[in-house]
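Geometric and topological summary
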Amino acid sequence: MIDINLLRENPQAIRDSQAARGADEALVDLAAKLAEQKKVALQQFEAMRAKQNAHGKLVAQAPKEEKAELVAQAQEMSSDVKKLEAEANLADQELMVVLHKIENVVLEGVPAGSEENFVVIKEVGKKPEFSFEAKDHVSLGESLDVIDIERGAKVSGSRFYFLKGLGARLELALMQLALDQASEAGFTALITPTLVKPEIMQGTGFLGEHSAEVYYLPADDLYLTGTSEVALAGYHSGEILDDLTTPMRYAGWSTCYRREAGSHGKDTRGILRVHQFNKLEMFSYCKPEDAEAEHAKLLEWQEQMLQKCELPYRVIDVAAGDLGSSAARKYDIEAWVPTQGGYRELTSTSNCTTYQARRLNTRYRDQDGKPAVAATLNGTLATTRWLVAILENHQQADGSVLIPAALRGYLGGVEKIGPKH
RNA sequence: GGAAGAUUGGCCGAGUGGUUUAAGGCGACGGUUUGCUAAACCGUUGGGUUGAUUAUAUUGACCCCGUGAGUUCGAAUCUCACAUCUUCCGCCA
C-alpha cells in the first residue's frame, strides 16, 4: 500500500509512477477524493460519539428519578452514532479498495515501459563453446539418470519431475552452498511454512493480478506459497521492530508451488517451469533510507552465487511495467542457457520500499523512538532451476557434467556426474 | 474427533454493565541523593486516526482489553461465531 501522506503531498509522483508502469493514473485522484470523504465522515462520527460519551456520564451519575428521562435522550443519540459510524466505515472501505489498487511508486532510474524495455546492466563470464552438439538439460538428465520427467508426469502430471541420485544431491548441495553463504553474510536461516492464511497471502500482494497462479485449499482456507517471501514478509507482520540500525536478514528455505496457469505451452520441456521446486530466498527488513544500499548488496550476493556455480550471466534492470505491484525496482540475473541460445532468469531481487510493510503493518522504532514503516527487500539465492544452467553449461564431450568446485564439498568430493553406463 | 479451561499494555496481573480516564506490581527510561555502583525516594512509560495552537513543542477529540458480529442509552464485563494456547480422552504417524 502506498503512503497516504504522499497522496496528499505529491500526487504527481504517484501519477508519474503509474504512467511508467502503464497502470491507471486516474486511481490517484479517485483515492485523494475518497480520502477526503473518509476524513469528513470520520470527523462527523467522532463529534457525535463525543456527545454520546459525555451524555453517558450524566446518565451514570444521575439520581434514579432522572434516569428515565436521560436514557430517552440517549436513545436518539445512539441511532445517530450508529448511522454515522456505518458511513465512516463505508468511506474507509472504499478508500482502502482504491489504495490497494495503486502500485508501488517506482524509483528514479527504473526504465519505463513493459517487459521488453529492460536495460542490461552488465554481462559477466564467458559463454561455453562446445566442439560437440550440446545436449539440453532434459537429455542430460535422462542420460545421467539424475532427472526423471516421465515418472514425474506419471505420478503427478505435467510439470512435475523426480530428481534422482546425484541430481537430488546436487540440488541439496546447491541449497546448502547458498545457505552457508547467507549465514556467513549474517542471515538467519528459516525453514518456513508453505501453507499460509488468506490475510498473509493478501498482505504480500499475491492475490492481486497473480491470484490464478496460487494453489488454494478450500477445505482449510489456506494458500500454498509460490515463494517463502510470503512467510518471510508475514513473519514480522503487525510488529514494531526495536532496532533496525543494521538490516534484519533472513534466509528462508522452502518448497514453492505455482499453478503456472497463464503459461500453457510455454517452457513445457524439462524443469525450467514447474509446479513445484525448492528455493532459498533472502529477505531483508531495513530502514527506508537504507533500502537502495541493501538492494545493491542482495544483488551482489546473488552474483557471488552465480560465480561460485561458474555460470555466465547478465544482470538486467527490469522495466516499470514488468515489476510486481509491490516492487519499486527489480533486478533479475539471467544465466546463459546454451541450448536455448539465450539468457534465462535464475534470480530476481525486488526493493519493495515501504509498500509491502505498510500493508502488513511492519514497523520499527526510529532514532526518536517513534514507530515508522520499515522497508522490505527480497532476492533469490538458489532454486531448482539453477540445475538447468549448471548441467548445460558444464557438460563435457563425453556426456558427463563437471560439478563446479564450490559444490563438490557438499557432494562428498564428487567432481563430475558421469553417464549411467 | 470429543471435553474442559484460558486469551487484558514490553512482562505479570486486578477488573462480572455506568466517576475505568484499565488498579497494582515488574521491567525500562529520566531525576534527586551518591566518590562509583546499588538501595531509597520522585516522575515518566502502548498503538492508531484526526483537530487546535505561539507549531522539532503544547493540548483536545475518537478508536483499540485475541478477531468478528450482536444485545444495550452505555460493554474489558452479557450473547453468538471464529482463531490461538493449555490440559485431559480417543485415534494415528
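Refer to the structure printed above.
Below you will find a few notes about this structure. For clarity, every value in this text was computed on a predicted model and none was experimentally measured. (Residues numbered from 1 in each chain as written. Chains lettered and ligands numbered in written order. Predicted model: local features only at pLDDT ≥ 70, side-chain atom pairs only at ≥ 80, totals over all residues. Heavy atoms only, no water.)

Right, let's talk about the nonpolar core for a bit. With 53 residues, the main nonpolar core has Leu174, Met305, Leu306, Leu311, Trp386 and Leu407 as its most contacted residues. Looking at this core, the element that brings in the most residues is helix α7 (residues 166-184), giving seven residues. In contact with leucine 407, not counting residues within four places along its chain, are Leu170, Ala173, Leu174, Leu177, Cys309 and Ile390. Counting 15 residues, the second-largest nonpolar core is a separate cluster that includes Met1, Leu27, Ala31 and Val105. (Core = buried A, V, L, I, M, F, W, Y, C linked by side-chain atoms within 4.5 Å. Buried < 20%, exposed > 50% of the residue type's maximum accessible area, 1.4 Å probe, protein only. Helix = DSSP H or I, 4+ residues; strand = E, 2+ residues; numbered from the N terminus. Contact = heavy atoms within 4.5 Å.)

Quick look at the protein's contact with RNA strand B now. Taken together, 19 residues lie near RNA strand B, and Lys39, Leu42, Gln75, Ser78 and Arg363 sit nearest. Put simply, 77% of the atoms of RNA strand B that lie within 4 Å of the protein are in sugar or phosphate. The contact in question runs from a phosphate oxygen of RNA strand B to an N or O atom on the side chain of arginine 49, over 3.1 Å. Within the side chain of arginine 363, an N or O atom sits 2.9 Å from a sugar or linking oxygen of RNA strand B. Breaking the surface near RNA strand B down by element, the ones donating at least two residues are α3 (26-61), α4 (64-101) and β14 (363-365). A total of 11 residues in the surface near RNA strand B trace back to one element, the largest contributor, which is α3. The residue inventory of the surface near RNA strand B, partitioned by class, reads seven nonpolar, six polar and six charged. (Near = heavy atom within 4 Å. Polar contact = N/O pair within 3.5 Å; in protein donor to acceptor, adjacent residues only side chain to side chain. Nonpolar A, V, L, I, M, F, W, Y, C, P; charged D, E, K, R; others polar.)

Relative to each other, helix α2 (residues 11-21) and α3 sit at 145°, their axes nearing to 8 Å. Of the residues in α3, those touching α2 at Pro11, Ile14, Arg15 and Gln18 are Leu27, Val28 and Asp29. Of the residues contributing to the contact of α2 with α3, the split by class is four nonpolar, one polar and two charged. (Axes fitted to C-alpha atoms, helices over the stretch in contact; angles between N-to-C directions.)

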